[in-house]
Amino acid sequence: MLNSRRLALFHCWVAFGAFLPAVLLGAWQMLMRSPLPAPLDDPGAYYASVTLHGTVMAYVITTFFAMGFGYAVAATSLGRPLRGAAAAWAGFVICLVGTAMAAATVVAGKASVLYTFYPPLLASPWYYLGAFLLVAGSMVWVVLMVVNMVGWKRDNPERPVPLAMFAITATALLWAWAAAGVEIELVGILLPRAFGWSDLIDAGLGRTLFSVTLHAIVYFWLMPAYIAFYTLVPQAAGGRLYSDTMGRLTFIMFLVFSLPVGMHHLFADPEHGSGFKFLQSFLTFLIALPTLLTVFSITASLEIAGRHRGGRGLLGWIATLPWEEPMVLAVALSLVMLGFGGFGGLINMSYAMNMMIHNTSWVTAHFHLIFGGAVVIMYFAIAYEMWPRITGKPLRSKALARWQLWLWFWGMLITTIPWHIAGLMGQPRRIAIFDYSLPLVARMASLVNISVIGGFILLVSAILLITVLVRSHFGERSVTEPLRYALAVNPPRQVPASLNGFALWNAIVLVLMIVAYGYPIGQFFFLKSHSAPAVEVTSQSAAAGVQ
Amino acid sequence: MAEPSSNPLRQPLPDGVVPESAVARTEKRWVITMVTMLAIMMLVIVATGLADALHPASNVEVVDPRTLHLAGEFVESNLGTAIEPDGSATVRLVAVQYDFVPNCVQVPVNTPVKFRLTSADVVHGFLLPDTNVNTMVVPGFVAEVRTRFAQTGEYEMPCHEFCGLGHHAMWTRVRVVPVAQFPTEAPQQRTSCAEQ
């Protein structure tokens with residue numbers, strides 16, 4: 001893997017190293033909000049924990065994983081050393097400093113504002129600065145992905161960019177667009193107020209800017225998993241990718257459609273009119289297209305593999321797939337969770353139906369299934385695939401890895417199915433303590449208890465993950481095979497410029513963003529005075545609320 | 001990984017194992033299928049959005065959160081339930097850390113009810129489980145949602161958005177009473193069931 005080995009390994013270890021404590025926090029939070037007794041029974045600690053769990057899962061793990069995976073993909077798919085490795089290390093350090101700064105501030109109890117910030121709540125400036133550094137540091141990676149792809153194209157003018165590289169560059173560009181929302185919110189609203197340079201906070205504007213990030217970031221998390229679907233899964237199954245063109249279209253659609261849709265997180269907000277909410281609800285439906293396309297292409301690719309292995313009949317090819325491969329098992333489990341989670345998502349993105357579940361546990365269940373389930377299980381599988389190629393040591397062991405994947409799958413279902421039901425019953429999110437003597441809450445008690453069991457299964461699985469990865473480091477050096485990507489059934493000889501670069505698509509994104517967000521953001525500069533004084537979250541005592 | 005490459009399953013498949021035309025044909029069918037699926041779903045969304053009483057607060061009315069208590073619609077004496085000349089009810093509430101003011105609301109059954117809410121400090125949420133009432137309460141804006149309660153009874157009402165370290169304590173009630181029991185005071189009167 002040339003000069004990217006160490007980069008990939010360091011980035012991934014930060015990601016998985018942060019993952020285990022974040023899962024532990026999640027399990028403890030579930031205990032806190034259940035009728036069962038919890039250690040350290042303190043609401044203040046709960047909100048700090050939710051902030052840390054969210055920040056680590058949403059920003060730290062995903063960003064570091066995408067960066068590490070990206071460097072590995074750039075070097076291996078292009079078959080040449082990564083350009084700008086020194087800059088990559090600088091970016092790594094900036095991200096790490098930002099992470100440490102943000103995490104320390106949350107642990108100190110000075111930033112319990114959740115990873116979504118919720119202005120006019122105000123945290124310590126060090127939390128915002130840490131978050132800003134983490135995001136800004138990852139922009140080094142964005143630039144490097146573009147530089148490496150463009151450089152390879154210049155040197156290979158006749159050949160199509162390998163799908164894996166094309167897709168990771170789409171991921172990087174999507175992240176650059178998505179991160180703009182949170183960066184502008186941090187630089188324009190939160191940091192100036194936290195440092196005392198400004199006075200009031202425009203909550204509506206802050207929420208709207210964050211919504212630019214809030215949906216597209218999900219696709220930034222998701223795209224490494226989809227890259228594995230298209231380029232690693234068919235290879236692991238011993239087959240071929242059904243269609244290279246559909247792969248390119250999928251990643252282009254993610255880039256274009258996942259950005260002008262963030263306002264579906266604001267359906268229940270009073271600062272926007274129904275026109276733009278409806279427009280973005282409609283646009284949100286379009287991002288179902290690349291996912292549906294992917295389910296088709298990947299199933300077809302697996303069918304090719306299964307039939308090659310002797311599978312016959314309509315469904316006989318399923319049984320003959322190499323299920324002992326963690327990558328093959330993971331894709332199946334991932335697609336099942338994607339199915340459940342996607343169904344919930346269709347409700348969330350519906351302008352009207354969303355009212356039934358907005359801000360209830362249903363939503364928590366939805367994104368845990370999609371991100372914590374479908375996406376993260378592919379991160380595990382990618383790690384199992386990459387680790388031996390990076391370290392040269394075989395995975396110890398595939399059987400343990402399969403156990404880990406199955407436990408994660410069942411843990412996630414047992415956690416999230418009760419949450420869906422409790423959400424429909426009206427259980428609000430982000431609450432430290434429920435009074436189970438209230439009639440409304442009492443009928444949710446058994447559901448909450450079941451979900452706690454799921455949470456602890458997830459914790460066991462996370463421990464197993466780390467065990468497998470650490471054990472693999474101590475094996476014999478015996479693997480020499482590089483990371484290989486699936487070939488298409490009909491390998492592309494030449495692809496049109498539009499499917500081999502992003503200039504056109506970036507221009508389309510710009511137009512769509514102006515159409516979808518120009519007025520919703522612009523209105524705040526013309527509306528009469530509506531800004532509010534900031535409320536420092538650290539200055540209130542937890543007891544103040546419990547009168 | 002360490003398997004010998006003589007294993008036929010490990011031999012790469014030849015190019016074109018599925019002809020290009022077959023790939024194109026199946027993909028075309030799938031595209032038609034999924035576009036149809038999405039079109040139907042979108043139609044359902046538009047229809048339910050237009051036909052059912054599921055309208056999120058989209059009124060975009062600003063209010064200065066710093067002067068709520070001084071003048072205007074959300075002064076304390078104007079909070080609670082008002083009966084309009086047409087017989088419908090308007091409930092005005094202010095959300096603050098960590099309570100709704102008033103913290104118990106009384107409304108008549110089978111009557112159109114309009115909730116108007118705003119926040120005096122941070123972002124809050126307002127949810128009446130088992131009804132269509134669910135909105136964010138953002139400082140600087142008035143959230144307006146409409147509903148009609150078909151049954152009498154008491155609804156527990158949580159704040160559903162993280163609003164600070166006492167967020168979990170922010171629960172209040174909506175009491176739905178028979179129309180006959182509802183006090184019929186002068187139009188200026190505001191009622192609630194909050195304990196003074």
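Residues numbered from 1 in each chain as written. Chains lettered and ligands numbered in written order. Predicted model: local features only at pLDDT ≥ 70, side-chain atom pairs only at ≥ 80, totals over all residues. Heavy atoms only, no water.

1. Section: the overall build of chain B
- Within chain B, the regular secondary structure consists of one helix and eleven strands.
- Moving toward the C terminus, one meets the helices and strands of chain B in the order α-β-β-β-β-β-β-β-β-β-β-β.
- Pairs at least 24 residues apart make up 62% of the contacts formed inside chain B by residues separated by at least 6 positions.
- Total accessible area computed for chain B in this model is approximately 9,000 Å², and 56% of it derives from carbon and sulfur atoms. (Helix = DSSP H or I, 4+ residues; strand = E, 2+ residues; numbered from the N terminus. Contact = heavy atoms within 4.5 Å. Areas by Shrake-Rupley, 256 points an atom, 1.4 Å probe, with all protein chains shown as cover.)

2. Structural notes on the nonpolar core
- Residues A:F16, A:Y128, A:W141 and B:F115 are the most contacted members of the largest nonpolar core, which totals 234 residues.
- The greatest single-element share of this core, amounting to 23 residues, is contributed by helix α6 (residues 203-236) of chain A.
- Both of domain 1 (1-52) and domain 2 (61-181) of chain B provide at least three residues apiece to this core.
- Contacts of A:F16, omitting those with residues within four sequence positions, involve A:F65, A:Y379, A:F380, A:A383, A:W387, A:L465, A:I466 and A:L469. (Core = buried A, V, L, I, M, F, W, Y, C linked by side-chain atoms within 4.5 Å. Buried < 20%, exposed > 50% of the residue type's maximum accessible area, 1.4 Å probe, protein only. Domains from an automatic or database assignment.)

3. Concerning the interface of chain B and chain A
- With 73 residues of chain B at the interface, the matching set in chain A holds 91 residues.
- The junction of chain B with chain A conceals about 7,000 Å² of combined surface from both sides, 69% of it contributed by carbon and sulfur atoms.
- Connecting chain B to chain A are three salt bridges.
- In this structure, the salt-bridge partner of B:D130 is A:R443, at a minimum N-O distance of 3.2 Å.
- Taken together, chain B and chain A are joined by 25 residue pairs in polar contact (both at pLDDT 80 or more).
- Elements represented by at least two residues in the side of chain B that touches chain A include exactly α1 (20-51), β8 (134-137), β9 (141-148) and β10 (153-158) of chain B.
- It is α1(B) that contributes the most residues to the side of chain B that touches chain A, 17 residues altogether. (Buried area = accessible area lost by both parts, 1.4 Å probe. Salt bridge = Lys/Arg side-chain N within 4 Å of Asp/Glu carboxyl O. Polar contact = N/O pair within 3.5 Å; in protein donor to acceptor, adjacent residues only side chain to side chain.)

4. Regarding the state of the cysteines
All names here are of chain B.
- Tallied over the entire structure, the rule returns one disulfide over all chains.
- Through a disulfide, C104 is tied to C193; the S-S separation comes to 2.0 Å. On the S-S bond that ties C104 to C193, the torsion sits near -80 degrees, and the link is left-handed. Here C193 lies in the segment after β11 (171-177) and C104 lies in strand β5 (residues 104-108), a separation of 89 residues in the sequence. Of the two residues, C104 and C193, neither departs from the other in class, the shared state being buried.
- Here C163 stays unpaired: no disulfide links it, and the sulfur of C159, its closest cysteine neighbor, is 4.0 Å away. (Disulfide = S-S within 2.5 Å.)

5. Concerning a nonpolar patch on the surface
Residue and element names in this part refer to chain A.
- On the surface, L279, V511 and V515 cluster together into a nonpolar patch covering about 230 Å² of accessible area.
- Looking at where V515 falls in the secondary structure, it is placed in helix α16 (residues 503-522).
- The exposure class of V515 is partly exposed, given its relative accessible area of 48%. (Patch = residues over 30% accessible without salt bridge, like charges linked within 9 Å, V, L, I, M, F, W, Y side chains within 5 Å.)

6. A word on helix α5 (residues 163-194) of chain A
All names here are of chain A.
- The end-to-end C-alpha separation of α5 is 44 Å, in line with the 46 Å expected for 32 residues at 1.5 Å each.
- Along α5, the sharpest kink reaches roughly 40 degrees, centred on L186.
- Counting buried positions along α5 yields 26 of 32 residues, so the element is predominantly enclosed.
- Once α5 ends, the next one or two residues include G196, with phi positive near 85 degrees. (Expected span 1.5 Å × (residues − 1). Bend = angle between axes of the 7 residues up to and from the residue.)

7. Overview of unusual backbone geometry
Residue and element names in this part refer to chain A.
- Of note, the amide linkage connecting R396 to S397 takes the cis form, showing an omega dihedral of -5 degrees.
- Here S397 shows up in the loop between α12 (361-391) and α13 (398-424).
- A positive phi angle, close to 55 degrees, is found at L40, a residue other than glycine.
- Relative to the elements of secondary structure, L40 occurs in the loop between α1 (5-32) and α2 (43-78).
- With relative accessibility at 62%, the residue L40 sits in the exposed group.
- Even without glycine at this site, L114 takes up a positive phi of about 65 degrees.

8. Some words on the environment of A:G475
All names here are of chain A.
- Positionally, G475 belongs in the loop between α15 (445-473) and α16.
- Since its relative accessible area comes to 17%, G475 is described here as buried.
- Residues G475 and L266, spaced 209 residues apart in sequence, show a C-alpha to C-alpha distance of 50 Å.

9. Brief notes about the confidence of the model for chain B
- Of the residues in chain B, 89% reach a pLDDT of 70 or more, and the chain-wide mean stands at 86.
- Note that residues 1-5 of chain B has pLDDT below 50 and, in this model, seven contacts with residues that lie over four places away or in other chains. (pLDDT = per-residue confidence, 0-100.)

10. Let's talk about the sheet that holds β11(B)
All names here are of chain B.
- Taken in spatial order, the three strands make up an open sheet running β5-β11-β10, and their pairing is mixed. Looking along the sheet, the strands with just one partner apiece sit at the ends: β5 and β10. The sheet shows a mean angle of 25 degrees between the axes of neighbouring strands, direction not considered.
- Relative to β11, β10 is paired through six bridges, and the arrangement is antiparallel. (Pairing = 2+ DSSP bridges. Axes fitted to C-alpha atoms, helices over the stretch in contact; angles between N-to-C directions.)

11. Brief notes about the pairing of β8(B)
Residue and element names in this part refer to chain B.
- Going residue by residue along β8, you find N134 and M136 tucked away on one face and T135 and V137 tucked away on the opposite face as well.
- Strand direction decides the pairing type here: strand β7 (residues 124-127) and β8, joined by four bridges, are antiparallel. Following the sheet pairing, H124 is matched in β8 by V137.
- As consecutive antiparallel partners, β7 and β8 are separated by six residues, and within that stretch D130 has a phi angle of approximately 75 degrees, a positive value.

12. A word on the pattern of salt bridges
- The full count for this structure, using the stated rule, is 18 salt bridges over all chains.
- A:E271 is the salt-bridge partner of A:R207, the closest N and O atoms lying 4.0 Å from each other. Within this pair, whereas A:R207 is found in helix α6, its partner A:E271 is found in the loop between α7 (244-257) and α8 (274-286), the two being separated by 64 residues in sequence. When sorted by exposure, A:R207 lands in the same class as A:E271, which is buried.
- Salt-bridge contacts for B:E161 lead to A:R430; the nearest nitrogen and oxygen are separated by 2.5 Å. Taken together, the residues B:E161 in the loop between β10 and β11 and A:R430 in the loop between α13 and α14 (439-442) connect one chain to another. Here B:E161 and A:R430 have matching classes, each one buried.

13. Considerations on the packing of aromatic side chains
Residue and element names in this part refer to chain A.
- Overall, the coordinates contain 44 aromatic pairs over all chains when judged by the stated rule.
- Here F16 and F65 contribute two aromatic rings whose centre-to-centre distance is 5.9 Å and whose plane-to-plane angle is 70 degrees, an arrangement assigned as edge-to-face. Here F65 lies in helix α2 and F16 lies in helix α1, a separation of 49 residues in the sequence. Comparing F16 with F65 shows no difference in burial state: the two are buried.
- Relative to F229, the ring of Y226 has its centre 5.0 Å away and its plane inclined at 45 degrees; by these criteria the two rings are tilted. Taken together, the residues span about one helical turn, with Y226 and F229 both in helix α6 at a distance of three residues. In terms of burial, Y226 and F229 fall into one category: buried.
- Here a set of aromatic residues connected by ring pairs shows up, and it is made of W13, F16, F65, F69, Y379 and W387.
- A cation over a ring is seen here: R248 above F166, with NZ or CZ 5.2 Å from the ring centre. (Phe/Tyr/Trp six-rings, centres within 6.5 Å; stacked < 30°, edge-to-face > 60°. Lys NZ or Arg CZ within 6 Å of the ring centre and 35° of its normal.)

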